[in-house]
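Secondary and tertiary structure notes
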Amino acid sequence: YPIIEEAIRKYEAEGFRWQRPEEPFKTSMDRLKTVLVLNQARDTQILDFSLTGDDREGVARLINIIIETYIAFRNRVREDEDFKKLDYLKRERSKYETQLDGRYGELEQVSVKYGAAIADPKNYGVYLQSLASLKSSYNKIVLNRIQTENRFHALQEQRMRLLDLDIKGLEGSELLQ
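The rules we used
- Per-chain numbering applies: the sequence of each chain, read as written, is numbered from 1 onward.
- The model is predicted, so local features are restricted to residues of pLDDT at least 70 and side-chain atom pairs to those at 80 or more, both for listing and for counting; the totals for chains, interfaces and linings are taken over all residues.
- Processing note: side-chain calculations cover all non-hydrogen atoms of the structure and skip hydrogens and water entirely.
- Segments assigned H or I by DSSP are reported as helices when at least four residues long, segments assigned E as strands when at least two residues long, and all are numbered from the N terminus.
- Buried, partly exposed and exposed residues are distinguished by accessible area as a fraction of the type maximum, computed with a 1.4 Å probe on protein chains only: under 20%, between the cut-offs, and over 50%, respectively.
- We define a salt bridge as a contact between a side-chain nitrogen of Lys or Arg and a carboxyl oxygen of Asp or Glu at a distance within 4 Å.
- Under the pairing criterion, centres of Phe, Tyr and Trp rings, with the six-membered ring standing for Trp, must be within 6.5 Å; the plane angle then separates stacked pairs below 30 degrees from edge-to-face pairs above 60, leaving the rest tilted.
- Each ring is checked for a lysine NZ or an arginine CZ that lies within 6 Å of its centre and within 35 degrees of its normal; such an atom marks a charge sitting over the ring.
- The pLDDT score gives, residue by residue, the confidence of the prediction method on a 0 to 100 scale.
- Candidates for patches are residues over 30% relative accessible area with no salt bridge; among them, like charges are joined within 9 Å and nonpolar side chains (Val, Leu, Ile, Met, Phe, Trp, Tyr) within 5 Å.
- Note on areas: Shrake-Rupley, 1.4 Å probe, and residue coverage restricted to the protein chains presented here.
- For two strands to count as paired, DSSP must find a minimum of two bridges between them.
- In this description, a nonpolar core means a group of buried Ala, Val, Leu, Ile, Met, Phe, Trp, Tyr and Cys residues linked to one another through side-chain atoms lying within 4.5 Å.

So, on to the overall build of the protein. Along the protein, the regular secondary structure elements total four helices and two strands. The secondary structure elements of the protein, listed N-terminal to C-terminal, are α-α-β-β-α-α. In the protein, which comprises 177 residues, the share counted as buried stands at 15%.

Shown next, in the form of structure tokens:
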């Protein structure tokens, strides 16, 4: 009824008459509803409106008003549905953002606890460069450690050889002084 009611009001606002004198408005809506033929093409969204009457111009205008009103009504319904869906999606987004914020807080705590950086996807290149630099530094440190251990072992061997030397006959020698 809302479409029929709105269509009759618009039709009469344009100077046409649908409601008969002394006829209740609901009766005029029922009358229009009984003479209006609406068919939907099978498996489509195509609607076929038809109406017969004596005043061809008036009938054509009434059909056009009904179609315009129907389209406006469907658009309002669709907008209302879209707003409800959008509102639902916003609530869901807020819920997930809250969960993510909580998880990110946990991640920060773990990061602080273990001294690890939190990787932001936008900064992966920077992190990879840092990781490569750290790997290079680590390799240099390992190399220095190996070289130092080799020198240490060489010095220990030299010390052992020196300790094995017989130096009793050299006590008065200039070499010991």
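If you walk through the whole model with that rule in mind, you get 14 salt bridges. Ionic pairing is found between Lys26 and Asp30, a salt bridge with its closest N-O pair at 3.5 Å. Residue Lys26 and its partner Asp30 are located together in helix H2 (residues 25-35), separated by four residues, close to a single helical turn. For Lys26, a relative accessible area of 47% puts it in the partly exposed group. Between Arg145 and Glu149 there is a salt bridge, with the nearest N and O atoms lying 3.2 Å from each other. Pair noted here: Arg145 and Glu149 are both in helix H4 (residues 124-164), with a separation of four residues, about one helical turn.

In the structure shown here, the tally under the stated rule is two aromatic pairs. Plain terms: the ring middles of Tyr11 and Phe16 are 4.8 Å apart, the flat faces sit at 10° to each other, and that makes the pair stacked. Phe16 matches Tyr11 in its accessibility class, with the two residues each being buried. For the cation-ring pair, Arg31 lies above Trp18, with the distance from its terminal atom to the ring centre recorded as 4.5 Å. The residue whose ring lies beneath Lys95 is Tyr96, and the NZ or CZ to ring-centre distance is 5.4 Å.

This part is about the confidence of the model for the protein. When pLDDT is averaged across the protein, the result is 83; 85% of the residues are at 70 or more. Confidence, read as mean pLDDT per element, is least for strand S2 (residues 47-50) in the protein (82) and greatest for helix H1 (residues 2-13) (91).

Taken together, the side chains of Tyr138, Val142 and Ile146 make up a nonpolar region of the molecular surface, amounting to roughly 270 Å² of accessible area. With respect to the element layout, Ile146 can be found in helix H4.

If a strand is regular, its side chains alternate between the two faces of the sheet. Pairing between strand S1 (residues 37-40) and S2: four bridges, direction antiparallel. Its bridge partner lying in S2, Asn39 is registered against Asp48. As consecutive antiparallel partners, S1 and S2 are separated by six residues, and within that stretch Asp43 has a phi angle of approximately 60°, a positive value.

With 17 residues, the main nonpolar core has Ile8, Leu32, Leu36, Leu51, Leu62 and Ile66 as its most contacted residues. Secondary structure elements with two or more residues in this core: H1, H2 and helix H3 (56-114). Here this core gets five residues from one element, more than from any other, and that element is H3.

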